[in-house]
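Below, each chain spelled out in residue letters.
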Amino acid sequence: MTPITGMDLTGFTEREPGVWTDERGLVLSVHFFPLVPDLPAPLHQLEPLRHGLAQGAAQAGAGLVEAVTGAVDGVPALRQLIKVPRPGGPHGQVFLGSWTIPRAGCSTVLKVQAAEGATTGVREAAVMARVGPAAYFRPHPYAPALRGPLPYHVADHEEWDAHFPDHPLTLVRAALHRITPTVTLHEQFKALPAFA
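The notes below deal with the structure included here. (Residues numbered from 1 in each chain as written. Predicted model: local features only at pLDDT ≥ 70, side-chain atom pairs only at ≥ 80, totals over all residues. Heavy atoms only, no water.)

To continue, consider the side chain of aspartate 161. Structurally, aspartate 161 can be placed in the loop between α3 (133-136) and α4 (168-179). Judged by relative accessible area, which is 9%, aspartate 161 ranks as buried. Within the structure, aspartate 161 has its side chain in polar contact with the side chain of arginine 123 (distance 2.7 Å). Setting aside anything within four residues of it in sequence, one finds aspartate 161 in contact with Arg123, Thr170 and Arg173. (Helix = DSSP H or I, 4+ residues; strand = E, 2+ residues; numbered from the N terminus. Buried < 20%, exposed > 50% of the residue type's maximum accessible area, 1.4 Å probe, protein only. Polar contact = N/O pair within 3.5 Å; in protein donor to acceptor, adjacent residues only side chain to side chain. Contact = heavy atoms within 4.5 Å.)

Structure below.
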């Protein structure tokens with residue numbers, strides 16, 4: 001069980017308790033962790049929080065696309081978009097979008113993920129052709145000295161989503177934007193001491 005008591009699951013089918021999928025390949029899941037949240041800094045310290053998250057993702061073989069703070073059902077929360085190499089294959093990536101809703105001694109997470117299919121790299125190639133190689137790769141905005149296994153580049157920016165409506169990153173972002181305002185949390189969870 002998680003403290004998430006409701007959300008709009010239109011288009012999703014439950015596969016097992018706490019896991020839903022849709023016909024476009026999205027996987028939505030909810031999780032509860034009865035531990036002090038493993039975040040590198042409090043939510044109000046955005047710069048060290050983002051820096052630590054970017055470094056942590058790179059050390060895990062992933063790439064942090066973005067990390068922003070906000071609220072889910074009125075509770076301060078952290079939204080992350082991460083890309084990871086597709087397991088078991090030489091090509092392709094899996095994109096993970098999540099809201100972590102931390103409290104002092106526990107957290108709940110809403111996660112949406114989608115993997116690239118047989119065709120990979122189309123978005124990246126098209127954007128690089130548009131902006132040029134020199135403008136394509138950038139230092140990571142949260143950790144400019146970071147050299148991770150998955151480089152930071154502009155093709156992951158939200159401004160390109162409209163050009164690639166079926167790309168997994170676009171789908172993950174859109175699902176989070178749509179579902180987040182509909183999430184309701186248990187009042188006991190909302191009343192817990194804040195994460196600091």
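On we go.
Here we take up helix α1 (residues 46-59). Working note: α-helix, 3.6 residues per turn, so residues spaced by three or four point in the same direction. Here α1 is 14 residues long and its end C-alpha atoms lie 20 Å apart, about the 20 Å a rise of 1.5 Å per residue gives. Residues of α1 that are buried: Leu49, Leu53, Ala54, Ala57 and Ala58. Across the axial projection of α1, the buried residues extend over an arc of 160°, all falling on one side. Relative to its buried face, α1 has exposed residues pointing more than 90 degrees away, namely Glu47 and Gln59. (Expected span 1.5 Å × (residues − 1). Arc of directions from axis to C-beta.)

If you trace the seven strands from one edge of the open sheet to the other, you get β2-β3-β4-β8-β7-β6-β5, paired in antiparallel fashion. In this open sheet, the two strands that pair with only one neighbour each are β2 (13-16) and β5 (63-72). Strand after strand, the sheet turns through a mean of 20° between neighbouring axes, direction not considered. Lying over the sheet, α1 contacts β5 and β6 (75-85), oriented at roughly 140° with respect to β5. (Pairing = 2+ DSSP bridges. Axes fitted to C-alpha atoms, helices over the stretch in contact; angles between N-to-C directions.)

A word on the environment of leucine 169. Within the element layout of this structure, leucine 169 appears in helix α4. Residues leucine 169 and valine 122, 47 residues apart in the sequence, show an inter-C-alpha distance of 12 Å.

With that settled, the discussion passes to the pattern of salt bridges. Opposite charge on two side chains allows them to pair when their charged atoms are near. Tallied over the entire structure, the rule returns nine salt bridges. Lysine 190 serves as the salt-bridge partner of aspartate 73, at 3.3 Å between the closest nitrogen and oxygen. Highlighted residues: aspartate 73 in the loop between β5 and β6 and lysine 190 in helix α5 (residues 187-190), separated in sequence by 117 residues. Here lysine 190 falls in the partly exposed class, since its relative accessible area comes to 25%. Ionic pairing is found between lysine 190 and glutamate 187, a salt bridge with its closest N-O pair at 3.9 Å. Here glutamate 187 and lysine 190 lie together in helix α5, a separation of three residues that amounts to about one turn. Among the residues examined, glutamate 187 registers a relative accessible area of 56% and is labelled exposed. (Salt bridge = Lys/Arg side-chain N within 4 Å of Asp/Glu carboxyl O.)

Considering the arrangement of structural elements, one finds phenylalanine 137 in the loop between α3 and α4. According to the relative accessible area criterion, phenylalanine 137 is partly exposed, its value standing at 42%. As for phenylalanine 137 and histidine 153, which are separated by 16 residues in sequence, their C-alpha atoms are 4.5 Å apart. Beyond its immediate chain neighbours, meaning those up to four positions away, phenylalanine 137 contacts Met128, Pro151, Tyr152 and His153.

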